[in-house]
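Observations on the model geometry
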Amino acid sequence: MTYHEFSKTNFRNFNELKAVYGNASIVANNRVIFNIKGNEFRLLTSVNFRQFAAYVIWFGTHKEYDKIDTSTTSFDIEILNFKSK
């Protein structure tokens with residue numbers, strides 16, 4: 001999944017999203033989890049199907065994901081500071 005690919009599609013509901021991204025799971029508050037790279041990483045997003053909008057809330061390893069509460073986790077500003085090594 002890439003930003004450009006995702007942004008060109010207007011999903012009207014989770015079932016439409018799931019049909020394209022089979023690795024997606026819905027959690028509380030219209031949040032969707034994507035498994036990335038064979039479930040090595042997780043991407044937590046907020047999806048507003050009415051507005052055809054989505055934004056990233058959190059990104060990390062599966063191990064880090066196990067430590068968060070997906071229904072209450074707020075936007076992780078550390079994502080903005082990521083620098084490739």
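Residues numbered from 1 in each chain as written. Predicted model: local features only at pLDDT ≥ 70, side-chain atom pairs only at ≥ 80, totals over all residues. Heavy atoms only, no water.

**Description of the overall build of the protein chain**
Quick note on the threshold: Put simply, DSSP marks the helices as runs of H or I at least four residues long and the strands as runs of E at least two long, and each gets a number from the N terminus on. Throughout, exposure labels follow a simple rule: accessible area from a 1.4 Å probe, protein chains only, divided by the maximum for the residue type, with under 20% read as buried, over 50% as exposed, and the rest as partly exposed. Any two residues whose heavy atoms approach within 4.5 Å are treated as being in contact. Using a 1.4 Å probe, the Shrake-Rupley method yields the accessible areas, and only the shown protein chains count as cover for residues.
Regarding its fold elements, the protein chain presents three helices and four strands. Listed by position from the N terminus, the elements making up the protein chain come as α-α-β-β-β-β-α. Within the protein chain, buried positions represent 27% of all 85 residues. Counting contacts in the protein chain only where the partners sit at least 6 residues apart, residues at least 24 apart contribute 21% of the total. Carbon and sulfur atoms provide 52% of the accessible area of the protein chain, an area that totals close to 6200 Å².

**Focus on the pairing of strand S2 (residues 31-36)**
Keep this limit in mind: Pairing between two strands is assigned when DSSP locates at least 2 bridges connecting them.
Here strand S1 (residues 24-27) runs beside S2; their pairing, made up of four bridges, is antiparallel. Of the residues in S2, the one forming a bridge with Ile26 is Val32. By the bridge criterion, six bridges tie S2 to strand S3 (residues 41-48) in an arrangement that is antiparallel. Within the sheet, the bridge partner assigned to Ile36 lies in S3 and is Phe41. A loop of four residues connects S2 with S3, the two strands running antiparallel in sequence, and Lys37 in this loop sits at a positive phi of about 55°.

**Examining the side chain of Thr73**
Rule in force here: As used in this structure description, the phrase polar contact means that two N or O atoms lie within 3.5 Å; if the pair is within protein, one of them must be able to donate a hydrogen and the other to accept it, and residues adjacent in sequence are counted only when both atoms belong to side chains.
Tracing the chain through its elements places Thr73 in the segment after helix H3 (62-65). The exposure class assigned to Thr73 is buried, which follows from its relative accessible area of 15%. Only 2.6 Å separates the side chain of Thr73 from the backbone oxygen of Asp69, close enough to count as a polar contact.

**A short note on the pattern of salt bridges**
Selection criterion: Think of a salt bridge as a Lys or Arg side-chain nitrogen and an Asp or Glu carboxyl oxygen that are within 4 Å of each other.
Scanning all chains against the criterion turns up two salt bridges. For Glu40, the salt bridge is made with Lys37, and the minimal N-O distance between the two is 3.5 Å. A relative accessible area of 39% means that Glu40 is categorised as partly exposed. Since its relative accessible area comes to 59%, Lys37 is described here as exposed.

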